[in-house]
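# Tertiary structure, described
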Amino acid sequence: SQANFEEDSQEQPAVGHWKTLMPSKGSKEELETGCQDVGGVDETQSAERLNMSRLRSSSVEIREKGSEFLKEELHKAQKELKLKDKECERLSKVREQLEQELEELTASLFEEAHKMVREANTKQAASEKQLREARGKIDMLQAEVTALKTLVITSTPSSPNRELHPQLQSPSKAGFRKGHGRNKSTSSALVSAASQNVTPEPVSHECKEVDSILFAEFQAWKESPTLDKSSSFLDRIYREDIGPCLDFTKQELSELVRVAVEENTLTIEPVASQTLHVVKMSAEECGGPKKCALSGLPRTCKHRIMLGDSGNYYYISPSCRARITAVCNFFTYIRYIQQGLVRQDVELMYWEVMRLRKEMSLAKLGFYRSEI
């Protein structure tokens with residue numbers, strides 16, 4: 001178009017030259033001015049058209065390149081998403097495997113711990129039995145020594161003991177007692193002394209029988225284990241064991257202890273020999289090394305408890321500690337059952353629960369093991 005425009009602009013003066021032979025000065029100037037105006041407008045329009053065509057072609061190229069770039073980026077993003085999905089799936093499988101292994105390990109450790117506790121209890125019972133037998137033997141030996149001392153002391157040169165010296169007896173008596181007279185007298189004295197000092201202990205064997213009502217309540221609770229008191233199983237234990245076991249003289253503190261045991265936020269620790277920490281509560285409420293905070297009685301307190309994160313310590317006697325520990329052991333076991341960590345027969349679980357109830361009853365009655 002620009003070439004056509006240049007040709008037209010070159011031809012127009014020739015046509016104008018043929019039309020007017022002698023133009024005037026003014027007409028020449030007007031003609032030149034008009035030609036210049038027409039040429040300038042055409043050049044501007046052609047330049048604008050050229051620029052528009054260039055812009056359109058460049059915009060089309062940009063769009064094509066941009067669409068190709070976006071397609072490539074989209075393809076890359078899809079690949080990355082697929083890789084991330086595969087990685088997430090692999091990690092989830094690893095997590096499930098680790099959780100399963102952790103659960104199995106926890107269950108095995110719990111069973112092993114219970115097995116060790118049972119073995120320790122069996123060994124302790126055997127040791128106590130051996131200790132009783134040893135004490136009985138010691139008492140028998142002491143009785144024999146006492147009898148021998150008595151026989152020796154009663155035999156003096158002025159008044160010899162004829163039982164120890166059969167040669168001093170009459171011939172008839174000596175003949176009757178010939179051979180083993182001394183041994184018989186000594187043994188009879190030993191037996192009489194031993195019979196006076198040693199009493200035989202009766203042998204008893206513990207027998208067990210499942211209570212049908214308690215076992216049915218435990219089975220019903222085992223179907224859907226919960227810590228809610230509404231179940232007949234826990235309601236009975238609260239009424240018969242937990243409530244009486246945690247019923248102390250200080251009622252308000254007893255209620256706080258019961259709540260802390262239920263929520264598993266109670267801490268028991270031995271009292272250090274060094275200077276004790278200063279507590280916020282009064283000495284009467286918190287007790288002290290020589291006064292129990294739960295019973296209010298003057299007792300030597302070797303342990304103290306803390307309820308939650310309050311930071312207040314309460315000193316307790318060995319008897320109160322035994323009662324609290326018995327209840328905590330019961331709650332720990334039923335929590336393990338609730339979490340599915342106990343993998344035993346229902347009857348074995350039932351007897352373990354009965355044993356823990358027995359410990360709570362004994363602790364309530366004042367029986368506890370003294371620490372060495």
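Notes on the structure follow. Every value quoted in this text rests on a predicted model; they were computed, and no experiment measured them.

### Focus on the packing of helix H9 (residues 318-338) against helix H10 (residues 346-364)
Closest axis-to-axis distance for the H9/H10 pair is 8 Å, and the angle between their directions is 165°. The angle between the axes of H9 and H10 places the two elements in the roughly antiparallel class. For the crossing formed where H9 meets H10, the hand is left-handed. Every residue of H10 that contacts H9 at Ala 322, Arg 323, Ala 326, Val 327, Asn 329, Phe 330, Tyr 333 and Ile 337 is listed here: Met 349, Glu 352, Val 353, Leu 356, Glu 359, Met 360, Ala 363 and Lys 364. In the contact of H9 with H10, the residues fall into eleven nonpolar, one polar and four charged.

### Considerations on the pattern of salt bridges
A side chain with one charge may pair with a side chain of the opposite charge, provided their charged atoms come close. Evaluation of the coordinates by the stated rule reveals 14 salt bridges. Where Arg 236 meets Glu 240, a salt bridge forms, and the shortest distance between an N and an O atom there is 3.3 Å. Taken together, the residues span about one helical turn, with Arg 236 and Glu 240 both in helix H6 (residues 232-245) at a distance of four residues. We note a salt bridge from Arg 355 to Glu 359, for which the minimum N-O separation is 2.5 Å.

### So, the sheet that holds strand E3 (residues 313-316)
Strands pair in a sheet through their backbones, by hydrogen bonds, and they do so in one of two ways: parallel or antiparallel. Strand order across the open sheet formed by three strands is E1-E2-E3, with antiparallel pairing between neighbours. Every other strand in the sheet has two partners, leaving strand E1 (266-270) and E3 as the edge strands with one partner each. Geometrically, the sheet is characterised by an average inter-axis angle of 30° between neighbouring strands, direction not taken into account. In the sheet, E1 pairs with strand E2 (residues 303-307) via five bridges, with the strands oriented antiparallel. Considered in E2, the bridge of Leu 266 is made with Leu 307. Contacting E1, E2 and E3, helix H7 (residues 251-263) runs over the sheet at an angle of about 75° to E2.

Calculation rules
Residues numbered from 1 in each chain as written. Predicted model: local features only at pLDDT ≥ 70, side-chain atom pairs only at ≥ 80, totals over all residues. Heavy atoms only, no water. Axes fitted to C-alpha atoms, helices over the stretch in contact; angles between N-to-C directions. Helix = DSSP H or I, 4+ residues; strand = E, 2+ residues; numbered from the N terminus. Parallel < 35°, antiparallel > 145°, perpendicular 65-115°, else oblique. Left-handed = near helix turned anticlockwise from the far one by under 90°. Contact = heavy atoms within 4.5 Å. Nonpolar A, V, L, I, M, F, W, Y, C, P; charged D, E, K, R; others polar. Salt bridge = Lys/Arg side-chain N within 4 Å of Asp/Glu carboxyl O. Pairing = 2+ DSSP bridges.

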